[in-house]
Every structure is written in C-alpha cells, then in structure tokens.
Amino acid sequence: MGERSDHPQGPGAAEDSSAQEIEATVVLGIRITDWPALRAAALAAVDELDFDGADPAGQRTELLREVADDPNAALGVLLHPDRLVAAVPGIEALGGTLEISVTDDFAPDFAELFPLDGEDGEGGDWTLTPRTACLLHTQLVGLADAAYDDLDEHEDEPVTEGDEPDWTVYARLPRRTWPMHRTWRRAFARTFDDLAEDLSLGEWPLPRCLAEEVALRMALADARSLLGAQPESVADMMGDLPADLYDYDWDGCADELFGVYGPDEGDPDLETADRTDQLLAATHPEGWFLGYEDAEERDPQRGYRR
C-alpha cells in the first residue's frame, strides 16, 4: 500500500485546505484592429451572461447598449476575470477587478507613415510631413478628450452666454449649435477621433463632412497656437522625427486638406473656406454629419471612445 501524500496534486486538491491561493496580475497592451469583430464578440458574450436583481432584462439591455457603442465596455466584458478564469481548468475565481485605460505607448510612427521622399527627383511638392502629422494628431486627440470631458460634465445642458469658460470645446462652435443634445455632441467628439485615426493609418485627414471640416479647422488653429506659444514643448514632442521645409505649413494644410471632398455648392469663384462657411450657415447642425457624395463613408459600426 502506497504512502499517503498530503500534497494537493490529485483531482480533489481544490477541496484540500492546503490548496494554494495565488494572486495573479496581468498587464496587457492592446491595440484594437477590428472594432466590428470585437463588438460582435462582446455582444455574443453578453448574451451568455446571467443577470441577477429586480430587472435582469433591463440590465442585459443596458449592457448591450454600452458594449455596442464603447470599445472599453466591449473589452470589459471579454476580459472580465470570471470569464478568463472559467477558461482555465483546475482553478476557481476568488475575486478580482479589471481596469482598462487608454495608453500612449502605441503612438503612431509618423516618420514611417509619412516618409519624406527626396530621392525621386520630385522634391518641392507639398507634403504632409511627419512633424506636421504628429502635432496635428496630438491636437485632434486632445480635442477629442476635451469634447468627451465636456459631454461627461454637461450632458444635454445648453451652452449659454457667459458660461463659455466652463466649456472646452462646444462653446467654440457656432452659437446655433449651443442647444444641441448629447447625441449630437457625442457624434461631434468622434469626428476628432476619426481624423486622428486617418493620420494613425498614414492617410491625410481629409474632411468627409461639414462636422469634420469644423473639427479639422479647430485642430489646425490649436496646433498653430501651441507652436507659437510653446515652441520648445513642440520640439520635445517631435523627438527624432525628421525635419522638413514644409513642417508646420498651416496655410499649406488648409490648401491641400480642405476641398478634396465637397462642398461643391456655392459660388465657384469663392475660395473653398468661403464656400464651406456658406454651407455651414445654410445647414442645420443635424446635417453636419451627412457625408460628401464623393467621400468614402466611414464605418457606421465604429463606435465611440466613450
């Protein structure tokens, strides 16, 4: 007869009082490359969950809404400690928490995305340089952050004359937008992220609707202002990005980035900016998000940052 062992190595080890309890800390760096696929997986995971309380159906509906709109909520469902532990045999969850935050560790490589090509004999043509792209991307992301912060703080409250300092983004928009509702403001906040995403993919941020025209104007104005007020900070931000003659050519940005897609309405003798101003004056803010006919539609399932 074999000698008895007190070490929890068999199938009943979990019932032994000497079974090990371990605290595991996992830190993941994640880049979302396919939001529709992530969204679909999270929605399927919510359908598998059991809800307790007075209104299980209402809880499920609310979580489905959050997951459908917010990549952070989708990750929260798929990476929940209980769900992860359930996939590992031989253990049980004793508790745990999940924290998700946006990180700057995965900053785009603008030198690679916007290469300076001076060897093909075509030097001299205007281009969006790595440093210009980097500074513009930084301003777009910062404006998106500020717009969502405005939204979190004020929700559907209208902007009113005298309280403009309480707002970071929406008080800068034309007054006719000041009473707009939370859904409209959320869509406008997303325009900054859409244009920033173009840059992170190595594409020029060409506005595809009136809202994006306004958002890009704001980012260009802020980039120009930051460069003038804090040139040393901007230089530090650039790091080892290569310098070029066309760095921070904001007038060139206005000439090259606007007017590639619509608007075609208005006096053809007017500058693009003037035609856009006319269209803005004639269009209700709800119509700002209607895409230009000649522009590729953005993914309607792309969700919101928050």
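The rules we used
Residues numbered from 1 in each chain as written. Predicted model: local features only at pLDDT ≥ 70, side-chain atom pairs only at ≥ 80, totals over all residues. Heavy atoms only, no water. Helix = DSSP H or I, 4+ residues; strand = E, 2+ residues; numbered from the N terminus. Buried < 20%, exposed > 50% of the residue type's maximum accessible area, 1.4 Å probe, protein only. Contact = heavy atoms within 4.5 Å. Core = buried A, V, L, I, M, F, W, Y, C linked by side-chain atoms within 4.5 Å. Axes fitted to C-alpha atoms, helices over the stretch in contact; angles between N-to-C directions. Parallel < 35°, antiparallel > 145°, perpendicular 65-115°, else oblique. Left-handed = near helix turned anticlockwise from the far one by under 90°. Nonpolar A, V, L, I, M, F, W, Y, C, P; charged D, E, K, R; others polar. pLDDT = per-residue confidence, 0-100. Patch = residues over 30% accessible without salt bridge, like charges linked within 9 Å, V, L, I, M, F, W, Y side chains within 5 Å. Areas by Shrake-Rupley, 256 points an atom, 1.4 Å probe, with all protein chains shown as cover. Salt bridge = Lys/Arg side-chain N within 4 Å of Asp/Glu carboxyl O. Phe/Tyr/Trp six-rings, centres within 6.5 Å; stacked < 30°, edge-to-face > 60°. Lys NZ or Arg CZ within 6 Å of the ring centre and 35° of its normal.

**Some points on unusual backbone geometry**
Phase 1: Positive phi values are uncommon outside glycine, yet Glu-155 reaches one of about 50°.
Phase 2: Counting through the fold element by element, Glu-155 comes out in the loop between helix H6 (130-154) and helix H7 (182-200).
Phase 3: What makes Glu-155 partly exposed here is its relative accessible area of 34%.
Phase 4: In the Ramachandran plot, Tyr-248 falls in the positive-phi region, its phi being about 60° despite a non-glycine side chain.
Phase 5: Assignment of secondary structure puts Tyr-248 in the loop between helix H9 (231-238) and helix H10 (250-257).
Phase 6: Overall, the relative accessible area of 19% leaves Tyr-248 in the buried class.

**Points about the side chain of Arg-190**
Phase 1: With respect to the helices and strands, the residue Arg-190 is situated in helix H7.
Phase 2: The residues touching Arg-190, leaving out its near neighbours within four places in the chain, are Tyr-148, Arg-302, Gly-303 and Tyr-304.

**Considerations on the nonpolar core**
Phase 1: One finds Val-169, Tyr-170, Phe-188 and Phe-192 to be the most contacted residues of the largest nonpolar core, which totals 56 residues.
Phase 2: Mapped by element, the contributors of at least two residues to this core are H6, H7, helix H8 (210-229), H9, H10 and helix H11 (272-282).
Phase 3: Considering every element that reaches this core, the biggest residue donor is H6, with 11 residues.
Phase 4: Among the nonpolar cores identified, the runner-up in size contains 12 residues, and Ala-45, Phe-51, Ala-73 and Leu-78 belong to it.

**A look at the packing of helix H2 (residues 56-69) against helix H3 (residues 71-78)**
Each packed pair of helices is defined by two parameters, the angle between the axes and the distance between the axes.
Phase 1: Relative orientation of the contacting elements H2 and H3 amounts to 120°, with a least axis distance of 5 Å. Between H2 and H3, the angle falls in the class oblique. Relative to H3, H2 is oriented so that their crossing is left-handed. When H2 is examined against H3, the residues Leu-63, Glu-66, Val-67 and Asp-69 are found in contact with a partner set consisting of Pro-71, Ala-73, Ala-74 and Val-77.
Phase 2: Residue composition of the contact of H2 with H3, by class: 6 nonpolar, no polar and 2 charged.

**Regarding H3**
Owing to its 3.6 residues per turn, the α-helix brings residues three or four apart onto one side.
Phase 1: For H3, the tally of buried residues reaches 6 of 8 residues, placing the bulk of the element in the interior.
Phase 2: Within H3, burial applies to Pro-71, Ala-73, Ala-74, Leu-75, Val-77 and Leu-78.

**Structural notes on the confidence of the model for the chain**
Phase 1: Counting all residues, the mean pLDDT for the chain is 84, and 86% of those residues have values of 70 or more.
Phase 2: Mean pLDDT in the chain bottoms out at helix H4 (residues 81-86), which sits at 78, and peaks at H8, which reaches 96.
Phase 3: Taken together, the stretch residues 1-14 has pLDDT below 50 and engages in 8 contacts with residues farther than four places along the chain or on a different chain.

**Regarding a nonpolar patch on the surface**
Phase 1: Together, Val-26, Leu-28, Ile-30 and Ile-32 give the surface a local cluster of nonpolar side chains, amounting to about 380 Å² of exposed area.
Phase 2: Structurally, the position occupied by Ile-32 is in the segment before helix H1 (35-48).

**Overview of the packing of aromatic side chains**
Phase 1: Applying the stated criterion across every chain, the model contains 10 aromatic pairs.
Phase 2: With a centroid separation of 5.7 Å and 70° between ring planes, the pair formed by Trp-184 and Phe-289 is classed as edge-to-face. A residue pair is termed long-range when its members are at least 10 positions apart, and Trp-184 in helix H7 and Phe-289 in the segment after H11 qualify at 105 residues.
Phase 3: Under the relative-accessibility criterion, Phe-289 is labelled partly exposed at 27%.
Phase 4: Over the ring of Tyr-170 we find Arg-185; its NZ or CZ atom is 5.8 Å from the centre of that ring.
Phase 5: The residue whose ring lies beneath Arg-190 is Tyr-304, and the NZ or CZ to ring-centre distance is 4.1 Å.

**A short note on the pattern of salt bridges**
Phase 1: Enumeration according to the criterion identifies 11 salt bridges in this entry.
Phase 2: When the shortest N-O distance is used, the salt bridge between Asp-222 and Arg-172 registers 2.9 Å. Of this pair, Asp-222 sits in helix H8 while Arg-172 sits in the loop between H6 and H7, and the two are 50 residues apart along the sequence.
Phase 3: Ionic contacts of the salt-bridge type, sharing partners, join the residues Asp-194, Asp-198, Arg-208, Glu-212, Arg-298 and Arg-302 into one network.

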